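Now for the letters of each chain:
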Amino acid sequence: MILQAEGVTKRFSPRLSIGDRIAGALGAKVDRRAVHAVTDVSLSVTAGETLGLVGESGCGKSTLGRMLAGIMPPTEGRVMVAGAAPMKGRHKATTRIQTVFQDPFASLNPRMRIGDSIAEGPVTHGLTTRAEAPRMVAEWLARVGLDPAFATRFPHQFSGGQRQRVAIARALAMQPDVLVCDEPVASLDVSIQAQILNLFLDLRRDLGLTCLFISHDLSVVRHVSDRVAIMYLGRIVEAGSAAKVYASPRHPYTQGLLDSVPKLRLSIDDVANFKPIAGELPSPLSPPSGCAFHPRCPKATALCRAERPALTARDDGTLVACHRA
Amino acid sequence: MSLLEVRDLRTHFFTRAGVVKAVEGVSFSLAKGEILGLVGESGSGKSVTGFSLIGLVDPPGRIAGGSIRFEGRELVGLPAQEMRALRGKRIAMVFQDPAATLNPVLSIGQQMALAVRAHGRASEAAARDLAARTLTRVGIPDAAARLDAYPHEFSGGMRQRVAIATALLHGPDLIIADEPTTALDVSIQAQILAEMKSLAKETGTALVWISHDLATVSSLADRVLVMYAGRIVEAGAVGETLRAPRHPYTRGLLDSLPAMARPGEKLNQIPGTTPSLLSLPPGCPFAPRCPRADATCATDPPDVVTAGRLVRCHHPLEAS
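Residues numbered from 1 in each chain as written. Chains lettered and ligands numbered in written order. Predicted model: local features only at pLDDT ≥ 70, side-chain atom pairs only at ≥ 80, totals over all residues. Heavy atoms only, no water.

*Asks:* Give a description of the pairing of strand 4 (residues 61–70) of chain B that names residues and reports values.
*Replies:* Residue and element names in this part refer to chain B. For strand 1 (residues 4–15) and strand 4, the ladder comprises eight bridges, and the chain directions are antiparallel. For Glu-5, the partnering residue across the bridge sits in strand 4 and is Arg-69. Bridging between strand 4 and strand 5 (residues 73–74) involves two bridges; their strand directions are antiparallel. Its bridge partner lying in strand 5, Phe-70 is registered against Arg-73. In sequence, strand 4 turns back onto strand 5 through a hairpin of two residues, with Glu-71 there showing a positive phi of about 50°. (Pairing = 2+ DSSP bridges. Helix = DSSP H or I, 4+ residues; strand = E, 2+ residues; numbered from the N terminus.)

*Asks:* Kindly report on helix 5 (residues 133–143) of chain A, identifying the contributing residues and their values.
*Replies:* Residue and element names in this part refer to chain A. For helix 5, the full list of buried residues reads Ala-133, Met-136, Val-137, Trp-140 and Leu-141. What you see down the axis of helix 5 is that its buried residues fit within an arc of 135°, all on one side. At its buried positions, helix 5 is contacted by helix 4 (114–124), helix 6 (160–172) and helix 7 (190–207). Gly-145 lies just past helix 5 and shows a positive phi near 85°. (Buried < 20%, exposed > 50% of the residue type's maximum accessible area, 1.4 Å probe, protein only. Arc of directions from axis to C-beta. Contact = heavy atoms within 4.5 Å.)

*Asks:* Kindly report on the packing of helix 4 (residues 108–117) of chain B against helix 5 (residues 124–137) of chain B, identifying the contributing residues and their values.
*Replies:* All names here are of chain B. At a minimum axis distance of 9 Å, the contact between helix 4 and helix 5 shows a crossing angle of 105°. Relative to helix 5, the element helix 4 lies roughly perpendicular. The residues of helix 5 that touch helix 4, namely those facing Ile-108, Met-112, Ala-113, Val-116 and Arg-117, are Glu-124, Ala-127, Leu-130, Ala-131 and Leu-135. Looking at side-chain class alone, the contact of helix 4 with helix 5 contains eight nonpolar, no polar and two charged residues. (Axes fitted to C-alpha atoms, helices over the stretch in contact; angles between N-to-C directions. Parallel < 35°, antiparallel > 145°, perpendicular 65-115°, else oblique. Nonpolar A, V, L, I, M, F, W, Y, C, P; charged D, E, K, R; others polar.)

*Asks:* Please give an account of the sheet that holds strand 3 (residues 35–39) of chain B that cites residues and values.
*Replies:* Residues and elements named next belong to chain B. Reading across from one edge, 6-7-8-3-9-10-12-11 is the order of the eight strands in this open sheet, with mixed pairing throughout. Of all strands in the sheet, those bounded by a partner on one side alone are strand 6 (91–94) and strand 11 (303–306). The mean angle between the axes of side-by-side strands here comes to 20°, regardless of whether they run parallel or antiparallel. In this sheet, strand 9 (residues 223–228) lies alongside strand 3 in parallel orientation, the contact comprising four bridges. Within the sheet, the bridge partner assigned to Leu-38 lies in strand 9 and is Leu-225. Helix 7 (residues 156–168) contacts strand 6 and strand 7 (174–178) of the sheet and is inclined by roughly 175° relative to strand 6.

*Asks:* Can you explain the interface of chain B and chain A? Please cite residues and give values.
*Replies:* Facing the 47 residues of chain B at the interface are 37 residues of chain A. For the pair chain B and chain A, the summed buried area comes to about 3,500 Å², and 59% of that belongs to carbon and sulfur atoms. Linking chain B to chain A there are one salt bridge. A salt bridge links Lys266(B) to Asp202(A), with the nearest nitrogen and oxygen atoms 2.9 Å apart. Joining chain B to chain A, the criterion identifies 17 residue pairs in polar contact (both at pLDDT 80 or more). (Buried area = accessible area lost by both parts, 1.4 Å probe. Salt bridge = Lys/Arg side-chain N within 4 Å of Asp/Glu carboxyl O. Polar contact = N/O pair within 3.5 Å; in protein donor to acceptor, adjacent residues only side chain to side chain.)

*Asks:* Now, about the pattern of salt bridges: what can you tell me, with residues and values included?
*Replies:* Oppositely charged side chains are able to pair whenever their charged atoms sit close together. Per the counting criterion, the structure on display carries 28 salt bridges over all chains. For the salt bridge of Asp316(A) with Arg250(A), the shortest nitrogen-to-oxygen distance reads 3.2 Å. Here Asp316(A), found in the loop between strand 12 (312–313) and strand 13 (319–320), pairs with Arg250(A), found in the loop between helix 9 (242–247) and helix 10 (252–260); they are 66 residues apart in sequence, far enough to count as distant. On the basis of relative accessibility, which here comes to 24%, the residue Arg250(A) falls in the partly exposed class. Between Arg161(B) and Glu195(B) there is a salt bridge, with its nearest N and O atoms 2.9 Å apart.

*Asks:* Go over helix 4 of chain A, please, and point to the residues and values.
*Replies:* Residue and element names in this part refer to chain A. Listed in full, the buried residues belonging to helix 4 are Ile-114, Gly-115, Ser-117, Ile-118, Ala-119, Pro-122 and Val-123. Each element contacted by the buried residues of helix 4 is listed here: helix 5 and helix 6. Looking one or two residues beyond helix 4, the residue adopting positive phi is Gly-126, at roughly 70°.

This is how it looks when you write it as structure tokens:
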């Protein structure tokens, strides 16, 4: 197990202003509810495997990714990367896991030449020397399909797709065992998205990378993942082999999500049938009782409203958290 | 007669760096009640085409040529006042980001009433009543009670429904929707798509649906226009065009979709990136990225229409 999470929970408590604290002390009503971003998530990823993490906005997939990557400590639970905790106190303490973020314009320092951005980490951590750095940068730029001469350019001189290549080169230059990709293609055009996905598949194969691939796009996740985990309101509701989950989803939320994705309709007879999930995501400030999906679920019963279903393994190995599946 | 006739539309932006020909020679027509999908990547000119139709191109951009006829009436060069009388009444628009289109300091009821009264007298009560009824039609429960809510109290999907309801207030003949579901989650997007489809059918409103997402367009539109670098490269009935595309760019776009490939297999990607509109290659703008390009592609490709399908290419793929 190269990447492991056990009972990981993240709550964001409101930081009360001094005024609110005084008001609270004097007996006024102050909203102290915490956002339950991630609740009791356990998962593991074996070496060389890609786990896809899917869910809609606010389901906690990015927060979970950040805890696994050692960017953010969990409120409860334990994360292990290659046998060690990725954080010491509030600081990241490992180089074995690296992240590629959605917006490469925000994640690259606009005042640094991209060659310096790529070299900074490896030099700091002694993975290479300052003298060796330019050669290493040139190698990585070539590897992600960019001209090594681009090392002296600034981020604004690149297109979105090229910037994402730089971000990938920077993450991989740290020689990580695990790569966390948080919506790496969400802001790219379709044709550029295909190029980056192809690059990702090549690098993963050549370097034997282990990946956590976070995305809201179900078809992208299906394309790159060996296993998938579907999240809803901070919890995993279904997890298993990508082929099985996509072919025969068991959780009503997974079913609804897959039905919601517009399919490419290739003939007139092929009538488009939208079967949208009713209602909207509940607030993570006050999650519903029992199963969090019950207010939107067509199969919900009294049991679903009262008792939260546990994530249990079914006969084919798929994990499902549902009383009715 | 078709509802909308666009002929050789050219919308250019006169910037300091040069003339950006965002839309260059776009022609199409739209019948009453028809849903037209306008597909392309960033910079293809799909949004500028939409903005041109409703007269919302801001300087340094302007319509440099061509004609837009709406029910036979020429819109290019129409005085601002007459355009304003049409806009919001006969032609309405829904934008991508409802948080930016709704006024944050007015309640939903107030801003919808403004839209009602912009095109004729109505009492406060009548305007609110119309607003509430329209909100109910787009699937907002308990609409009358929510008129006094402010945009920030609504979720993204609900805000987009308000924007759609505002567009529907006057029963327009044409709605231009610019990536209206792109910012929404899949489950909410599916709700909105289902509602738009049935609304268009019920009211006979024609719809220009601008999107980068082929799958969304394929499940909603009757016809599709594929744009590249300001031009239409292929147009036709949506199912046929996407099943058997004839322009290499349309083929490339489809092959770029993970849904079209087996999981884990390499996607048949289009090499290169979209060209800068300031320095387009001569002839076909797609030629530098095209696997079928040769020397003839340095000249402008002809518009060829066969069996209702328009293809602008020297070397189109075989019709199947």
